[in-house]
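Residue-level structure breakdown
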Amino acid sequence: MEPLEGKMTGAPNPESISTKLQRIATLARKIPGPLNTLAHCIDIEWLKEAYRRTRKDGAVGVDGQSADDYARDLEANLQSLLDRAKSGTYRAPPVRRVEIPKPGKPNATRPIGIPTFEDKILQRAVAMVLEAVYEQDFLDCSWGFRPQRSAHGALHDLRERARKMQGGWVIELDFQRFFDTLDHQRLREILHQRVRDGVLLRLIGKWLNAGVLKEGQVVHPHTGTPQGGVISPLLANIYLHEVLDLWFARRVCPRLQGQAHLVRYADDAVLLFAQEEDARKVLAALPRRVQSYGLHLHPEKTRLLEFHPRSNRPSPSGPSAGGRSFDFLGFTHYWARSRRAFWVIQRRTASDRFSRAVRTANEWCRRHRHLPVKQQHTMLCRKLRGHFSYYGITGNSLALDRFLYVVTRMWRKWLDRRSQGRVMTWERFARFLARYPLPPPRPVHSTLLCAANP
């Protein structure tokens, strides 16, 4: 089947789009204040590039239109979308809300908003403009949903800063229902400080007020931005840049006695302090700061802990670890002795993430046990490589080996239950694995150990 992009009568010119993005970025660097004219760069070529960057296999929105349907008359559809966006007649459709279960919490769900495909294209086009502007403002402590940045970059940054400080005091920061409580009015005020273009602000306002379709009824919440929206991660970054990043860098750090660092990935953040007194002052000030922007800290997940290599306190990380441990981006961070007796910061798969991955793998094996074995093997190898590609870091080999061991036993169990007769003995399964081997775990993200002097 011919790819959808090939059906365009005129493919986007990457050089033209790149030149426009560079011009916006240069303008944003030169003018630190509000920018009045930005929407003029959004033309038909810009929308074609936004279409190219939009996922084609996502769920459909309230109109039921798929990417294939939209592509049948792509040129006319994009031109109509451009005309409506520029003239102000574009009407943002409601977001279709779907409740998905939270991993590890059987009775808890997470709301996901699914925009229409056309809405995704326009959101992508506006996000491209805003990203070029705000990338000049965002601080190095922000790692989530930004170009050339990733969760592993945030993990490496946190580890390096903790190593250079030789530990310290850590504040685990957790926002309570962040994407549901983001204040629309405060977001508009923050955007207005940097962007004054009427077309862009009007479109963002329409998306915020579009409402959510749930069980046949449209609800118009005054707070929150749908998880699943194309522009939502960028708006969240803009909001937290003002609420947390700038406040910590410009108002908090200059008043502290020792070193302090912030590492944030979307709404997950860790604050590292050299001195306990500084950490306690910031922990006391944080609730007032976030509440002034309509946010709330999770009372149980937000905590202060000591993170020194030579602490004599009992550690949940095990007898070989020094100090206490904390979780960030799916990994438990703790101090441990290396083979050469140096204190090093180790990281292993967090227990809740490990349990979640095991339950997901078990459920998959159960539901797909009657598929052809070759198809099962292909899909299971893909899932294992996906797990290893994220959790495959230096020092996490035990957790990776254990995960492979557990998944292998699960696969054998559900293969044995394909029929009433139990025929998959361990001897037969060994021969089976020789024919259909599972991929071995390996450290995809290999780094040198961060050591502190003993």
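What counts and what doesn't
Residues numbered from 1 in each chain as written. Predicted model: local features only at pLDDT ≥ 70, side-chain atom pairs only at ≥ 80, totals over all residues. Heavy atoms only, no water. Pairing = 2+ DSSP bridges. Helix = DSSP H or I, 4+ residues; strand = E, 2+ residues; numbered from the N terminus. Axes fitted to C-alpha atoms, helices over the stretch in contact; angles between N-to-C directions. Buried < 20%, exposed > 50% of the residue type's maximum accessible area, 1.4 Å probe, protein only. Lys, Arg positive; Asp, Glu negative; His and termini not counted. Salt bridge = Lys/Arg side-chain N within 4 Å of Asp/Glu carboxyl O. Polar contact = N/O pair within 3.5 Å; in protein donor to acceptor, adjacent residues only side chain to side chain. Parallel < 35°, antiparallel > 145°, perpendicular 65-115°, else oblique. Left-handed = near helix turned anticlockwise from the far one by under 90°. Contact = heavy atoms within 4.5 Å. Nonpolar A, V, L, I, M, F, W, Y, C, P; charged D, E, K, R; others polar. Phe/Tyr/Trp six-rings, centres within 6.5 Å; stacked < 30°, edge-to-face > 60°. Lys NZ or Arg CZ within 6 Å of the ring centre and 35° of its normal. 1 Å grid on protein atoms, 1.4 Å probe; cavity = no way out; pocket = protein on both sides within 12 Å on 5 of 7 lines; lining within 4 Å. Points joined across faces, edges and corners; volume = space filled by probe spheres on them. Expected span 1.5 Å × (residues − 1). Bend = angle between axes of the 7 residues up to and from the residue. pLDDT = per-residue confidence, 0-100. Arc of directions from axis to C-beta.

**Some words on the sheet that holds strand β8 (residues 303-307)**
Spatially, β6-β7-β3-β8 is the arrangement adopted by the four strands of the open sheet, whose pairing is antiparallel. Lying at the two open borders of the sheet, with one neighbouring strand each, are β6 (260-265) and β8. Taken over all neighbouring pairs, the strand axes of this sheet differ in orientation by 20° on average, direction set aside. Both strand β3 (residues 168-174) and β8 contribute to a ladder of five bridges, which runs antiparallel.

**Focus on the side chain of K120**
With respect to the helices and strands, the residue K120 is situated in helix α5 (residues 117-134). Although K120 is buried, it makes no salt bridge; D57 carries the closest opposite charge, 7.6 Å away. Of the polar contacts made by the side chain of K120, one reaches the backbone oxygen of A59; its length is 3.4 Å.

**A word on the packing of helix α10 (residues 232-252) against helix α11 (residues 276-291)**
Between α10 and α11, the least distance of the axes is 11 Å, while the angle of their chain directions is 135°. With respect to each other, α10 and α11 are oriented oblique. Considering only the axes of α10 and α11, their crossing is right-handed. Every residue of α11 that contacts α10 at E242, V243, L244, W247, R251 and V252 is listed here: V282, A285, L286, R289 and V290. Residues of the contact of α10 with α11, tallied by class, amount to eight nonpolar, no polar and three charged.

**Focus: the packing of aromatic side chains**
According to the stated counting rule, one finds 18 aromatic pairs in the structure shown. Judged by centre distance (6.2 Å) and plane angle (85°), the rings of Y239 and Y293 are edge-to-face. Within this pair, whereas Y239 is found in helix α10, its partner Y293 is found in the loop between α11 and β8, the two being separated by 54 residues in sequence. Ring centres of F331 and Y391 lie 5.3 Å apart, and the angle between their planes is 55°; on these two criteria the pair is classed as tilted. Placement of the pair is F331 in strand β10 (residues 331-337) and Y391 in helix α13 (residues 373-391), with a sequence separation of 60 residues. The two residues F331 and Y391 agree in class, both being buried. Three or more aromatic residues joined by ring pairs form one cluster here, namely W411, W426, F429, F432 and Y436. Positioned above the aromatic ring of Y293, the side-chain terminus of R186 is 4.1 Å from the ring centre. Over the ring of W414 we find R417; its NZ or CZ atom is 5.1 Å from the centre of that ring.

**Describing the packing of α5 against helix α9 (residues 198-209)**
Helix packing for two helices is described by the angle between their axes and how far apart those axes are. Contact pair α5 / α9: the axes reach a minimum separation of 11 Å and the direction vectors enclose 135°. The orientation of α5 relative to α9 falls into the category oblique. The interaxial crossing formed by α5 with α9 has left-handed handedness. On α9, the residues touching D119, L122, Q123, V126, V129 and L130 of α5 are L200, L203, I204 and W207. For the contact of α5 with α9, a count of residues per class yields eight nonpolar, one polar and one charged.

**What about the pairing of strand β11 (residues 343-349)?**
For β11, the buried fraction is high: six of the seven residues fall into the buried class. Strand direction decides the pairing type here: β10 and β11, joined by seven bridges, are antiparallel. Bridge pairing in β11 links W335 to I345. If you look at the hairpin formed by β10 and β11, you'll find five residues sitting between the two strands, and A341 has a positive phi there, around 75°.

**Overview of the layout of surface pockets**
What the largest pocket holds in volume is close to 1,700 Å³. Of all the elements in the fold, those that place two or more residues in the lining of the largest pocket are β1 (95-102), β2 (105-114), β3, α7 (178-181), α10, β7 (268-273), β9 (321-328) and α12 (351-367). Residue composition of the lining of the largest pocket, by class: 20 nonpolar, 10 polar and 17 charged.

**What to know about α11**
Here α11 spans 24 Å end to end across 16 residues, near enough to the 22 Å set by a 1.5 Å rise per residue. Along its length, α11 reaches its greatest deviation from straightness, about 30°, at A285, and the proline P287 lies no more than four positions downstream. Taken residue by residue, α11 has D278, A279, V282, A285, L286, R289 and V290 as its buried positions. Where α11 is buried, its residues meet β3, α10, β7 and β8.

**So, the confidence of the model for the chain**
The predicted coordinates should not be examined in detail at positions where pLDDT is low. Mean pLDDT over the chain: 89, with 90% of residues reaching 70 or higher. Highest mean pLDDT in the chain belongs to β6 (98); lowest belongs to strand β12 (residues 451-452) (48). Predicted confidence is poor over residues 449-454, with pLDDT under 50, and the contacts of this stretch with residues over four places away or in other chains come to 27 contacts.

**A closer look at the environment of F248**
Inspection of the secondary structure assignment puts F248 in helix α10. We classify F248 as buried; its relative accessible area is 3%. Residues within four places of F248 in sequence aside, it is in contact with C253, A260, H261, L262, L271 and F273.

**A few points about α13**
Its 19 residues place the ends of α13 27 Å apart at the C-alpha level, agreeing with the 27 Å of an ideal helix rising 1.5 Å per residue. Regarding α13, the residues found buried are Q376, H377, L380, C381, L384, H387, F388 and Y391. With its buried residues spanning 125° around the axis, α13 presents them on a single face. Those residues of α13 that are exposed and aimed more than 90 degrees away from the buried face are K374, R382 and R385. Its buried side turned inward, α13 meets β10, β11, α12 and α14 (397-416).

**As for unusual backbone geometry**
For L329, which is not glycine, the phi dihedral falls at a positive 55°. Position of L329 relative to the elements: it lies in the loop between β9 and β10. Owing to a relative accessible area of 9%, L329 belongs among the buried residues under this scheme. Unlike most non-glycine residues, A341 shows phi in positive territory, near 75°. One can find A341 in the loop between β10 and β11.

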